[in-house]
Amino acid sequence: MTGPANRAIAPIGAGTHWAVGGPPPAGATEVRAPAGVIAYEPADMTITVGAATTFDEVDGILAEHGQECALDPRSRAATIGGILACGLSGVRRLRHGPVRDHVLEVRFETGDGRMVKGGGPTVKNVTGYDLPRLFVGSLGTIGVLHQATLRCRPRFAGARWFTASDASGAYRPSARLWDGDRETVLFEGVPADIEVQGRGLQPAAAAPALPEGEHRGRISVAPGRVVACARALAADVRWCAELGIGTIHVAADSAPALLSARTAAHAHGGWMLREAGGPTDDDGYGIPLPNAPVMRRIKEAFDPAGNLNPGRLPLGTS
Amino acid sequence: MSAEPLELALYARDAGVAVGQAVAVCFPRSGEEVAAAVGVARRHGRPFVARGSGTGLAGGATPLDDPVVIVTTQMNRVLEVDADARVAWVEPGVLNLDLSRAVGHLGLHYAPDPSSQQACTIGGNVGTNAGGPHCLADGVTSAHVLAVDVVLADGTLTRLGGLVPDAPGYDLRGCFVGSEGTMGIATRIAVRLMPDPPSVATMLCAFDSVEAAAATVSGIIAAGVLPAALEMMDARITRAVEDFVGAGYPRDAEAVLLAEVDGLEHGVAEHVDAISSVARANGATLVRVAADDSERALLWKGRKSAFGAIARIAPDYYLHDAVVPRTKLVAVLRRVYEIAEQHDLIVMNVFHAGDGNLHPLLVFDRREPGVWDRVYSAGTEILDACLEAGGVLTGEHGVGMEKRDLMPRMFTVDDLDAQARLRDAFDPDGAANPQKVLPRGSRCGEMQRVPEGAWI
């Protein structure tokens, strides 16, 4: 289904997630979406933006009204289109939900040039099929996002990080990160409650940094296996695990080291998505794509000529 | 499997108004039996329709095109509860409230709580992507379903999503939830359970105008408070409920708001204060915080008995479901009353104000000649008013048959074509719950495209 390289189209935002799923071939035509806020009504807790609007800009505008949309990309320069296309959730997912739960409406152009709207602009909507969730994580392979309507919420009055030995019993922490020695937990809410929740814990200055390196990826395993999987990682793999979720952020200085993390993920019933670096000839999840026939038909339905991001996941290597 | 006339008649409709006709009805007890039933239907060239308790209001389970109806009510076991991971695996026929009851002793609950929760199934909830009063803060069904084992239209049994986050590839789980049985049948569902909040406060606020109540809703959000639930009832429904169950609602109020905040102790107290101030600033005639659990339960009993209370006004009602932006609530409500008056109908409003999800109830007596035409026209005009205000056709009941032919009012030819392509990717032959959700002619090949600007 891969079209000729000279007709390949690669939607591009800020390029902060460019390696995710494997870049399209050289010579692909890069297309950029419009940027800017199209509509924001604080009392509706929804914001509609052009897909090339950066997270930093959206967050700044929402902050002026005491609101936020907890997409939490690694880089604030990331665009809303890039965040949605990659579908990589931030570390506050435990409380705020994954990226897909923040998207109300999408407008994208399909591979055969149709402008399509899916979902609706209201905070609640079940009219028709859930194209917004289909789009999130589709890595630019079914359409070029033009605009999206996001669900926002009031910013919590307070937010503080603490180190703890085990915060599994705490009431709805926003994040629980673990580096093998200690857990760092984020509580959000009114300051008086945070103070009670933090009693007996050591305040932490800030969120722990996610591992950096030329070769990066994220492991997904069932939440109950995240500790065992992290412990099985090789010494040359730096990592940070999201407890309660099952994501382990990994980084290494060599491609083989990153691939060893994928092997550990497999051994614990999961997989690893490469986010940066790594061997360029291996861009899959490292496991057979589940329900590939349905996914292939979806790809063909939205991009019959295979022009959109040829070679990129999810079907790039299958 | 049964083809007895009585059984077929029983399963010819759900709680909506449309009536269909099945060729056979079956009651499988496992995923394998569901797959076998789909296989039998397909071998005989028949489509199939999944059905839970039949509480759907949009006709989503109406058997059309002489299908086999596959009833999941025998598959009603909670299979596994992992309290540490806060996940439960359930069969599709488990009743919504039974799930929360089954995990209550662990300090957990299942968040989506449709008004029909004593009768509706989790499988049906997955089909419609059901909501409920407590979906304001934490989202509707799709945000609470991690994985679905399904029988696809070709009879294969497969898993969509999973307990491992972010399954590789497209989010088929996300596509399936809310697809109203048109992409296959759920046979096992993994749901996320929520920890019970340590503190809960339920408040009743009364107003002498709907406008003041709606302004309070916007004011609460503007004050940075996101309640767990925020429900509104107009004067007519308030009095009907009070006559019916004696929930302690003031009979002289033009509108009442039921607000619930939950979480940790101090946050709840601060939010109760904030809501009280906003309500008083908007002229509330009464602000009361339930003193204990029994008073809380009584306040909620009133809200959840609303539809039963209507029987005291008229024998029949038609319940609509549409969403408008919160900021348009007052203007749209005014239009709803006008439209009902123009059609000489009584309308009552009880709805999820926090998320703008309106449920206008048109009450009538079907024995009155011609009344149904008026109810239908008024309903369609109400939906148009919601769409004009930037709203959507349905917030939680689904499209089914009821709103299928109204879809072009919200979506373009290309939008509908894209949705049809997605549906066809799951079910190329159109065997799963045919003629639902999308109107005939949604696929571009099926219709003559009219050039833009042309008069027809």
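Counting from 1, residues in each chain are numbered in the order their sequence is written. Chains carry letters from A onward and ligands carry numbers from 1 onward, assigned in written order. Predicted model: local features are reported for residues with pLDDT of at least 70 only, side-chain atom pairs are reported and counted for 80 or more only, and whole-chain, interface and lining totals are derived from all residues.

Moving on, we come to the overall build of chain A. The helix and strand labels rest on DSSP assignments: H or I over at least four residues marks a helix, E over at least two residues marks a strand, and numbering proceeds from the N terminus. Each helix and strand in chain A was counted, giving 8 helices and 17 strands. Only the C-alpha atoms count toward the radius of gyration. The rule for a globule is 2.2 Å times the residue count to the power 0.38. Relative to the compact-globule value of 20 Å for 318 residues, chain A shows a C-alpha radius of gyration of 20 Å, a close match. Its C-alpha atoms give chain A principal-axis dimensions of roughly 60 × 50 × 30 Å. By residue count, 58% of the 318 residues in chain A fall in the buried class. This entry defines residue contacts through backbone-placed C-beta atoms, with two residues in contact when those atoms are within 7 Å. For chain A, restricting intrachain contacts to residue pairs at least 6 apart in sequence, the fraction spanning at least 24 positions comes to 65%. With C-beta atoms placed from the backbone, the exposure class of a residue follows from how many other C-beta atoms lie within 10 Å of its own: 20 or more, buried; 12 or fewer, exposed; in between, partly exposed.

Looking now at the overall build of chain B. Helix and strand content of chain B: 13 helices and 19 strands. Relative to the globule expectation of 23 Å for 456 residues, the C-alpha radius of gyration of chain B, 22 Å, shows essentially globular dimensions. For the C-alpha atoms alone, the extent of chain B along its principal axes is close to 65 × 60 × 45 Å. Split into buried and exposed, the 456 residues of chain B put 56% on the buried side. Put simply, of all contacts in chain B between residues at least 6 apart along the chain, 71% involve residues at least 24 apart.

Once that is clear, we can look at the sheet that holds strand β5 (residues 87-90) of chain B. Residues and elements named next belong to chain B. The pairing criterion for strands is at least two bridges between them, as found by DSSP. Across the sheet, 5 strands lie side by side as β4-β5-β9-β7-β8; this open sheet has antiparallel pairing. The open sheet has two edge strands, β4 (78-82) and β8 (157-161), and neither has a second partner. Averaged over all adjacent pairs, the angle separating strand axes in this sheet is 15°, with direction ignored. When strand β7 (residues 145-151) meets strand β9 (residues 185-192), the two strands line up antiparallel, connected through 6 bridges. Within β9, the position partnered with Ala 147 by the bridge is Ala 190. Throughout, an axis means a line fitted to C-alpha atoms (over the contacting stretch in the case of helices), and angles, computed between N-to-C directions, take values from 0 to 180 degrees. This element, helix α2 (residues 31-43), spans β7, β8 and β9 of the sheet and lies at about 45° to β7.

Residue and element names in this part refer to chain A. If you walk across this open sheet you meet the 8 strands as β13-β10-β12-β11-β15-β16-β14-β17, and the pairing is antiparallel. Looking at which strands have only one partner, the edges of the open sheet turn out to be β13 (202-204) and β17 (271-276). Sheet twist, expressed as the mean angle between neighbouring strand axes with direction ignored, is 25°. One ladder, built from 2 bridges, connects strand β11 (residues 175-178) with strand β15 (residues 238-242); its direction is antiparallel. By the bridge assignment, Trp 178 is partnered in β15 with Ala 241. Docked against the sheet, helix α7 (residues 255-267) engages β14 (215-220), β16 (247-252) and β17, running at close to 0° with respect to β14.

We now examine helix α11 (residues 329-342) of chain B. At 3.6 residues per turn, the α-helix brings residues three or four places apart onto the same side. Residue and element names in this part refer to chain B. Expected helix span is taken as 1.5 Å per residue step, with the number of steps being one fewer than the number of residues. Its 14 residues give α11 an end-to-end C-alpha distance of 20 Å, which sits within 8% of 20 Å, the value for a rise of 1.5 Å per residue. The set of residues buried in α11 consists of Leu 329, Val 332, Leu 333, Val 336, Ile 339 and Ala 340. What you see down the axis of α11 is that its buried residues fit within an arc of 125°, all on one side. Across from the buried face of α11, at angles greater than 90 degrees, the exposed residues are Glu 341 and Gln 342. Here the arc refers to the directions that run from the helix axis out to each C-beta atom.

Our next topic: the domain arrangement of chain A. Here chain A is partitioned into domain 1 (5-154 + 289-302), domain 2 (158-204) and domain 3 (215-276). Domain 1 of chain A puts 5 residues into the contact, and the matching count from domain 2 of chain A is 8 residues. What counts as a domain boundary in this text is fixed by an automatic or database domain assignment.

Viewed as axis vectors pointing N to C, helix α8 (residues 292-302) of chain A and helix α13 (residues 413-426) of chain B meet at an angle of 155°, and their least axial separation amounts to 8 Å. Of the possible angle classes, the one that applies to α8 of chain A and α13 of chain B is roughly antiparallel. Classified by chirality, the crossing of α13 of chain B by α8 of chain A is right-handed. Here Val 294, Arg 297, Ile 298, Ala 301 and Phe 302 of chain A of α8 of chain A lie close against α13 of chain B, whose contacting residues are Arg 421, Leu 422, Asp 424, Ala 425 and Phe 426 of chain B. For the contact of α8 of chain A with α13 of chain B, the per-class residue count stands at 7 nonpolar, no polar and 3 charged. Put simply, angles under 35 degrees are roughly parallel, angles over 145 are roughly antiparallel, angles from 65 to 115 are roughly perpendicular, and the rest are oblique. Here a crossing is taken to be left-handed if its near helix is turned anticlockwise relative to the far helix by less than a right angle, and right-handed if that turn runs clockwise. Here the term charged refers only to Asp, Glu, Lys and Arg, the term nonpolar to Ala, Val, Leu, Ile, Met, Phe, Trp, Tyr, Cys and Pro, and the term polar to all other amino acids, Gly among them.

For the rest of this paragraph, the subject is the domain arrangement of chain B. When cut into domains, chain B gives domain 1 (5-71), domain 2 (78-195), domain 3 (199-308) and domain 4 (314-388). Its C-alpha centre places domain 1 of chain B at a distance of 40 Å from the equivalent point of domain 3 of chain B.

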